[in-house]
Amino acid sequence: MSLLHTVQLAPADPILGLTEAFLKDPRMDKVNLGVGVYLDETGKVPLLRCVRAAEERLEKQASPHGYLGIVGLPTYVHATRSLVFGADAPVLERVASVQALGGTGALKVGADLLQQLSPDARVLISTPSWENHRALFARAGFDVQGYRYYSPELKGIDVDGMIEDLQAAEEGTVVVLHACCHNPTGYDLQPADWDRVIAAVTERKLVTFLDMAYQGFGFGIEEDRAVIDRFVDAGLEFFLATSFSKSFSLYGERIGALHVVSPDAETARNVLSQLKICIRTNYSNPAKQGAALVAEVLGDAELRQMWEEELAGMRERIKRLRSQLVEGLRAEGIDDMDFIAEQLGMFSYSGLTRDQMVALRTDHAIYGTDAGRMCVAALNSGNVAQVARAIAAVRSPLLSH
């Protein structure tokens, strides 16, 4: 028997597997609310005007396609550091930053470094969390457990339960936190809640890994990075993964970054040297085009203003779609899902059961995860009423009680 005969068929990815099923579905009225992608009114991934303008500028330069350094494109790394920490922030002198292959790549590089530094540490992720958080840290060799976050009874965050779990964690435990626009629930901690989290992390000497894939989709660019300043002001060391897939609509370019806030500049240099080894032995160095586009936009005042306006337009449109879905549900007799309009970001934790989500796919061609997560950023004026009717239909047995 060959070695490969021992390989077993792996289960489909809970998110990407949905898309595969969606693409095979022959029904013309199908709606994919599974994958976290912002779609415009035509149901397509938009090409932002600022990105197109940057592309035209880069085309005129016609530069050769040489390798980037291991850390990535210098102008891009500088731009993303300024975006998440603030331009000329004093903390930048002790931050090690690298370009990464999207937010996922940033998490993976960070996980590899943490495995090198603390191989026996436990990793805590929110319950629930983005599906790939658990898989990613587990594949890196960690024991991954959860801390309380979403409460179905509260239809919101169980802050007290979360703090209890953090306070019970062993020293050195890695805690993965969503900086804004929590995926999948859409519920974010309030400023006072963050103060409690920071106090617990400090007291228990936990290692914080912040994931910020949706900066600008909550309240705004500056508002959404405010939690970063809180951790800096508390004097904490922490890891931060960021992504520009959503905010620049550059999904296929895989543009992200990893930042490690260190206690001093010398430690940051040491950390950067180890990050470079993690990258070199994984994918050697990142790609240039997407990073060049982001750097061009963020480095030019006119394009930066255009991007901020386009990002604000996406953010406000998502909020309108949430309200429209709630209105559609109310029109169908569902009056206990108004919380959808209060959630933030691209996702909604609908509260629907696994059986109801399966019924949505099977009977109504509406695709969302079994956990009840829906990407409201994939709604539009042409399908929001259809989605509301379908939800009402799968909820009807509950309404009859």
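This one's a predicted model, so the numbers in the text were calculated from it and none came from an experiment.

What counts and how
- Residues numbered from 1 in each chain as written.
- Predicted model: local features only at pLDDT ≥ 70, side-chain atom pairs only at ≥ 80, totals over all residues.
- Heavy atoms only, no water.
- Core = buried A, V, L, I, M, F, W, Y, C linked by side-chain atoms within 4.5 Å.
- Buried < 20%, exposed > 50% of the residue type's maximum accessible area, 1.4 Å probe, protein only.
- Helix = DSSP H or I, 4+ residues; strand = E, 2+ residues; numbered from the N terminus.
- Contact = heavy atoms within 4.5 Å.
- Pairing = 2+ DSSP bridges.
- Axes fitted to C-alpha atoms, helices over the stretch in contact; angles between N-to-C directions.
- Phe/Tyr/Trp six-rings, centres within 6.5 Å; stacked < 30°, edge-to-face > 60°.
- Lys NZ or Arg CZ within 6 Å of the ring centre and 35° of its normal.
- Parallel < 35°, antiparallel > 145°, perpendicular 65-115°, else oblique.
- Left-handed = near helix turned anticlockwise from the far one by under 90°.
- Nonpolar A, V, L, I, M, F, W, Y, C, P; charged D, E, K, R; others polar.

1. A word on the nonpolar core
Okay, so step 1: Ranked by size, the top nonpolar core spans 107 residues in total, and within it Y76, F85, W307 and M346 carry the most contacts.
Okay, so step 2: Examining the composition of this core, we find that 10 residues originate from one element, helix α12 (residues 301-331), more than from any other.
Okay, so step 3: In contact with Y76, not counting residues within four places along its chain, are Q99, F244, I255, G256, A257, A291, V294 and A295.

2. So, unusual backbone geometry
Okay, so step 1: The residue after T127, namely P128, is reached through a cis peptide bond having omega 5 degrees.
Okay, so step 2: Here P128 lies in the loop between β3 (122-127) and α5 (131-139).
Okay, so step 3: Of note in the backbone geometry, S249 takes a positive phi value of approximately 55 degrees without being a glycine.
Okay, so step 4: Here S249 lies in the loop between β9 (238-243) and β10 (255-261).
Okay, so step 5: By relative accessible area, S249 is classed as buried at 11%.
Okay, so step 6: One non-glycine residue, A365, lies in the positive phi region at around 60 degrees.
Okay, so step 7: Tracing the chain through its elements places A365 in the loop between α13 (354-364) and β12 (366-367).
Okay, so step 8: With relative accessibility at 0%, the residue A365 sits in the buried group.

3. A closer look at the sheet that holds β3
Each strand in a sheet pairs with another by means of backbone hydrogen bonds, the pair being arranged parallel or else antiparallel.
Okay, so step 1: The 7 strands are arranged β2-β10-β9-β8-β7-β3-β4 in an open sheet whose pairing can be described as mixed. Two strands in the sheet have a free side with no partner beyond their single neighbour: β2 (95-101) and β4 (143-148). The sheet shows a mean angle of 25 degrees between the axes of neighbouring strands, direction not considered.
Okay, so step 2: Where strand β8 (residues 207-212) lies against β9, 5 bridges are found, and the strand directions are parallel. Counted as the bridge partner of D211 is A241 from β9.

4. Observations concerning the packing of aromatic side chains
Okay, so step 1: Throughout the structure, instances matching the rule amount to 12 aromatic pairs.
Okay, so step 2: Arranged with centres 5.9 Å apart and planes meeting at 75 degrees, the rings of Y76 and F244 form a pair that is edge-to-face. Of this pair, Y76 sits in helix α3 (residues 74-85) while F244 sits in the loop between β9 and β10, and the two are 168 residues apart along the sequence.
Okay, so step 3: On the basis of relative accessible area, Y76 is assigned to the buried category, the value being 0%.
Okay, so step 4: A ring pair is formed by F137 and F209, whose centres lie 5.8 Å apart and whose planes are at 85 degrees; its orientation type is edge-to-face. On the criterion of sequence distance, the pair formed by F137 in helix α5 and F209 in strand β8 is long-range, its members being 72 residues apart.
Okay, so step 5: Three or more aromatic residues joined by ring pairs form one cluster here, namely Y76, F244, F248 and W307.
Okay, so step 6: Between the NZ or CZ atom of K30 and the centre of the ring of F22, over which it lies, the distance is 4.7 Å.

5. Quick notes on the packing of α3 against helix α11 (residues 289-298)
Okay, so step 1: Remark: α3 packs on α11, axes separated minimally by 8 Å, with the N-to-C direction vectors making an angle of 55 degrees. With respect to α11, the axis of α3 lies oblique. Here α3 and α11 pass one another in a crossing that is left-handed. Residues T75, Y76, A79 and L83 of α3 pack against A291, V294, A295 and L298 of α11.
Okay, so step 2: Its residues placed into classes, the contact of α3 with α11 shows 7 nonpolar, 1 polar and no charged.

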